[in-house]
Amino acid sequence: MDIFEASPGEMSEELREQGIKALVHMLKQFETMDKPGLLAMGLDMYSPGLDSRVKANLDRIHWQLSMFYRHSKPTKIGLAVRHLRWIIENCKLPGREIDRVPLYMLGVALMKSDQGQDAETQAEARSYFEMGFNRITKRDAKLRSAVWARAHFSRLLHEMGLHNDADEQEKILADNYRNDPLAMMPSEFVELVSDDCGDPAENPIVLRLPNKGKNALDAFRHDWPAVPFYKNGKMIGHQVFKEGPIPKTMNATGVRLSEKMKQREKENEPQVCDYCHRKMAINQCSRCQAAYYCNQTCQKTHWKVHKQTCVAPSKTAT
């Protein structure tokens, strides 16, 4: 298993623990410049450009370790504070903009850290949330990491007594869910906004959903299939099928929506950046459509290399 290509959210807890141990060991070797360890990973201590290669690997290790902590059950994102700080500090280099995902993830990590109840830590977490969400686009706001982090942001604002601001964040989440029902299944939405923070049935975000979230909660609790249904061309909720598979009368709609959901998920899922190698890339090269980048800075920096292989797809003759 390539630990950098692995998806921690799809692993068993046992494999996640193994991944964390392996990444912590690798991080120690890079931080101490352990010669035998670096040689074992194919890095020559005296080769030209070693510093940049070590830095690139540190970047990948810090990010993947943060993802492993985030997806642990229960989440261990509080242990990722120093790793996310490292990533953000390295994004402050000249000519590079700060990525929004580590910013709002650090907000969650600070909330979940041992100092998460301190007023100073809460104020810092709020500032990182705001920096991250101020940089986000409408499309990015529907990413799973963004939904998960915004729900935590609303809880932080409630804890700080900023209830009107918290209500605004909850409204954004509920509106995004209603306006784009193909972005994710109701059970997944409930899981993301609830995380490990109490009964989903009492979650104020879930209660903002159609029918006070009853259908979404049923699908979440029982893993029942659900299909969006419409009235006058407008999606007004999900129909949950409690007994057996989706009825034959709904099969065509169900299959069609399922394929659309898969396509939407594929489009929204971040790819590995061809420059910095973090799995946060959502911008595709418009010419070859094969390379992905976190932002314009990564794309422009990598162009000297990428232009050698960047070729527009050939059009198949009809």
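This text gives an overview of the structure that appears in the document. (Residues numbered from 1 in each chain as written. Predicted model: local features only at pLDDT ≥ 70, side-chain atom pairs only at ≥ 80, totals over all residues. Heavy atoms only, no water.)

Describing the overall build of the protein
This is how it is decided: The way it works is that DSSP assigns letters per residue, a run of H or I at least four long becomes a helix, a run of E at least two long becomes a strand, and they are numbered from the N terminus. Note on exposure labels: buried denotes an accessible area under 20% of the residue type's maximum, exposed denotes more than 50%, and partly exposed covers the range between, all computed with a 1.4 Å probe on protein chains only.
Counting its regular elements, the protein contains twelve helices and four strands. Out of the 318 residues belonging to the protein, those deemed buried represent 45%.

What about the environment of Gln64?
Following the sequence through the fold, Gln64 ends up in helix H3 (residues 50–71). Residue Gln64 is classed as buried on the basis of its relative accessible area, which comes to 5%.

Some thoughts on the packing of aromatic side chains
As a reminder of what qualifies: Pairing of aromatic rings covers Phe, Tyr and Trp, the last through its six-membered ring, and needs centres within 6.5 Å; plane angles under 30 degrees mean stacked, over 60 mean edge-to-face, and all others mean tilted. Only when the NZ of Lys or the CZ of Arg is both within 6 Å of the ring centre and within 35 degrees of the ring normal is a charge said to sit over the ring.
If you walk through the whole model with that rule in mind, you get five aromatic pairs. Measuring from ring centre to ring centre gives 4.8 Å for Phe129 and Phe153, while their planes differ by 20°; the resulting arrangement is stacked. Of this pair, Phe129 sits in helix H6 (residues 119–134) while Phe153 sits in helix H7 (residues 144–159); the two residues are 24 residues apart in sequence, bridging distant segments of the chain. We note that Phe129, like Phe153, is buried. Through a chain of ring-to-ring contacts, three or more aromatic side chains come together here, namely Tyr104, Phe129, Phe133 and Phe153. Its end group placed over the ring of Trp148, Arg70 keeps NZ or CZ at 4.0 Å from the ring centre. Lying over the aromatic face of Phe133, Arg150 brings its terminal NZ or CZ to 4.1 Å of the ring centre.

Re the environment of Arg135
The test is simple: Polar contacts here mean pairs of N or O atoms no more than 3.5 Å apart (in protein, one a potential hydrogen donor and the other a potential acceptor; neighbouring residues in sequence count only if both atoms are side-chain atoms).
Mapped onto the elements, Arg135 comes out in the loop between H6 and H7. Looking at Arg135, the relative accessible area reads 39%, which means it is partly exposed. For the pair formed by Arg135 and Val101, sequence separation is 34 residues and the distance between their alpha carbons is 9.4 Å. For Arg135, the side chain forms a polar contact with the main-chain oxygen of Met131, separated by 3.1 Å.

So, H7
Note the cut-off: Every helix has an expected span of 1.5 Å times one less than the residues it contains.
The end-to-end C-alpha separation of H7 is 23 Å, in line with the 22 Å expected for 16 residues at 1.5 Å each. Of all 16 residues in H7, 13 are buried; the element is thus mostly enclosed. Remark: Gly161 follows H7 within two positions and exhibits a positive phi of approximately 80°.

Here we look at the pattern of salt bridges
What counts, and what does not: By salt bridge we mean one thing: a side-chain nitrogen of Lys or Arg within 4 Å of a carboxyl oxygen of Asp or Glu.
What the rule picks out here adds up to ten salt bridges. Lys76 is the partner of Glu17 in a salt bridge, and the nearest nitrogen-oxygen pair spans 2.4 Å. Placement of Glu17 in helix H1 (residues 13–31) and of Lys76 in the loop between H3 and helix H4 (81–90) is noted, with a sequence separation of 59 residues between them. For Lys76, a relative accessible area of 29% corresponds to the partly exposed category. The partner of Glu130 in a salt bridge is Arg126, and the shortest N-O contact between them spans 2.9 Å. With Glu130 and Arg126 both in helix H6, this residue pair falls four residues apart, about one helical turn. The structure contains a network of salt bridges with shared partners spanning Arg126, Glu130 and Asp165.

Brief notes about the nonpolar core
As a reminder of what qualifies: For the purposes of this section, nonpolar cores are sets of buried Ala, Val, Leu, Ile, Met, Phe, Trp, Tyr and Cys residues that join through side-chain atoms within 4.5 Å. Contacts are residue-level and defined by heavy atoms, with any inter-residue pair within 4.5 Å sufficient.
Judged by nonpolar contacts, the single largest core of 61 residues is most densely connected at Ile77, Leu84, Tyr104, Met105, Leu106, Phe129 and Phe189. No other element matches the nine residues that helix H5 (residues 100–112) contributes to this core. Not counting the four nearest positions on each side in its chain, Ile77 is found in contact with Ser66, Tyr69, Arg70, Leu84, Met105, Val108, Ala109, Lys112 and Trp148.

Quick look at the side chain of Gln122
Summarising the element assignment, Gln122 is placed in helix H6. In this structure, Gln122 is in contact with Gly116, Gln117, Leu156, Glu159 and Met160, ignoring residues within four places of it in sequence.

Things to note about H5
An ideal rise of 1.5 Å per residue puts 18 Å on 13 residues; H5 measures up with 19 Å between its terminal C-alpha atoms. Of all the 13 residues making up H5, twelve are buried; the element is thus mostly covered by neighbouring parts of the structure. Along H5, the residues that are buried comprise Arg100, Val101, Pro102, Leu103, Tyr104, Met105, Leu106, Gly107, Val108, Ala109, Leu110 and Met111.

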